[in-house]
Amino acid sequence: MSPKTLTGLELDLDDAPAREADLFLVDGNNLAYRAFFALPEELATSEGFPTGALLGFTNMLFKLLSDYKPKGVAVAWDTRPVHRTAAAEAVEVVYKEGRRPMADLLREQFPYFRPIVEAFGYRNLEFEGWEADDVIATLATQADAAGIRTCVVSTDRDAFQLVSENVCLMMTPRGVSDVQVYTPDRVEARYGIRPDQIPDFIGLKGDSSDNIPGVPGIGDKTAGQLIAQYGSLESVLEHADEQSPARRKNLTEFADQARASKELATMRRDLELDCDTTQLVLAPPDRSELREMFRRFEFRGLLSRIDELDRALPSADRSLGAAADTARWREGELPDFGDTPVGVAAEADRVAVATLDDVVVAHADPSQLRGAQMTAHDAKSLRVAAADDTML
């Protein structure tokens, strides 16, 4: 059942906006936890290794590729939130206090999430001192400015603040298969405020999942009404004397706490990251590695669907944005290059051949390129006669 609008109507949160996205930014920790709690703990291999979280997580990664055919996918991971913890301690709030420690069954599975991401051809992102949501906020803001259609995948409510004309939010309220997608209009229909006002909203009502206190006695409905009426948390506090005696007392007494709550709920969009959104181009999935993982974890259903990935990969231009140094490539048959100078790379049963104007990736053997003037790395292992071997 979908959430309701302010007037009590059921919101239409279909995934049409996500199907227009070229770039997907996934909160890895959030998705892993969601997958763990969505599927039975009893799911395990025949040898007893738990796989519930891995299966749910992998299903979502598969869904992104097969259903939405993105040009790029990045999965951001939390590190110890040094900067946000320091901000919380400054106002005597213990950030995320009360969260349950990671369950042992999930901890056992955690080392395998990142390799699965890589096998799909996606990028893992991790920056010391920052949480995944701040990394995603920075990259989503960059992508928005570059005009790149982006979809953020997270169930954290504070992610609503990232929604814009170019950025939608995909939430998975029930497991990972059922998705709800938010646009600016849909956020406003649900809460009565704009996406950029979400930090003000949380500043008033708080967020128990992150131990953000807010103002006592103010819930979702009242917070939305106050922010819609006055425009910001600061303006609400300035007009506290217009409220009922009880609310006026709380707004006055907990004003500093509300300001600190807003700061904690505000995602950082200006991190200096060694990452360019136009470079987050999807690599081809490593089918042999995926097959090995699916066999190891006994994901028989996914194993039988591996070939769907070939159909999901776009054969046209894969570049994001207009970066001049972005490599553009296509899937296809290897043409006859004649004596044209080419660069060659190969892995498993796939070969990539680059000319000055084109890059072709195909299921082929490098030995088919006889006659071309090849530059290769370790030509001996590729079993080709190269004009230039960069290994030497």
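Small disclaimer: the values here were computed from a predicted structure and weren't measured.

1. Some points on the overall build of the protein chain
Then, number 1: A count of helices and strands for the protein chain gives 17 helices and 12 strands.
Then, number 2: Counting the 392 residues in the protein chain, one finds 51% classified as buried.
Then, number 3: A sequence separation of at least 24 residues applies to 67% of the contacts in the protein chain between residues at least 6 apart.
Then, number 4: By element, 48% of the accessible surface of the protein chain is carried by carbon and sulfur atoms, the whole surface being about 18,800 Å².

2. Digging into the sheet that holds strand β1 (residues 23-27)
Then, number 1: Across the sheet, which stays open at both edges, the 6 strands sit in the order β3-β2-β1-β4-β5-β6 with mixed pairing between neighbours. The sheet terminates laterally at β3 (123-125) and β6 (178-182), the two strands that pair on one side only. On average, each strand axis in the sheet is inclined to that of its neighbour by 25°, with strand direction left out of account.
Then, number 2: Alignment of β1 against strand β4 (residues 150-153), held across 4 bridges, turns out to be parallel. Of the residues in β4, the one forming a bridge with Leu23 is Thr150.
Then, number 3: Running over the sheet, helix α2 (residues 28-38) touches β1, β2 (72-76) and β5 (167-174) and is turned about 65° from β1.

3. What to know about the pairing of β6
Then, number 1: With respect to burial, β6 is a largely interior element, 4 of its 5 residues being buried.
Then, number 2: Relative to β6, β5 runs antiparallel, the two being bridged by 4 bridges. Looking at β6, one finds that Arg174 is bridged to Asp178.

4. Some details on the packing of aromatic side chains
Then, number 1: Summed over all chains, the structure comprises 17 aromatic pairs.
Then, number 2: One aromatic cluster in this structure is built from Phe49, Tyr112, Phe294, Phe297 and Phe299.
Then, number 3: Stacked on the ring of Trp77, the Lys or Arg Arg114 has its end atom at 4.4 Å from the ring centre.

Rules of the game
- Residues numbered from 1 in each chain as written.
- Predicted model: local features only at pLDDT ≥ 70, side-chain atom pairs only at ≥ 80, totals over all residues.
- Heavy atoms only, no water.
- Helix = DSSP H or I, 4+ residues; strand = E, 2+ residues; numbered from the N terminus.
- Buried < 20%, exposed > 50% of the residue type's maximum accessible area, 1.4 Å probe, protein only.
- Contact = heavy atoms within 4.5 Å.
- Areas by Shrake-Rupley, 256 points an atom, 1.4 Å probe, with all protein chains shown as cover.
- Pairing = 2+ DSSP bridges.
- Axes fitted to C-alpha atoms, helices over the stretch in contact; angles between N-to-C directions.
- Phe/Tyr/Trp six-rings, centres within 6.5 Å; stacked < 30°, edge-to-face > 60°.
- Lys NZ or Arg CZ within 6 Å of the ring centre and 35° of its normal.

Shape descriptors only; they carry no functional weight alone.
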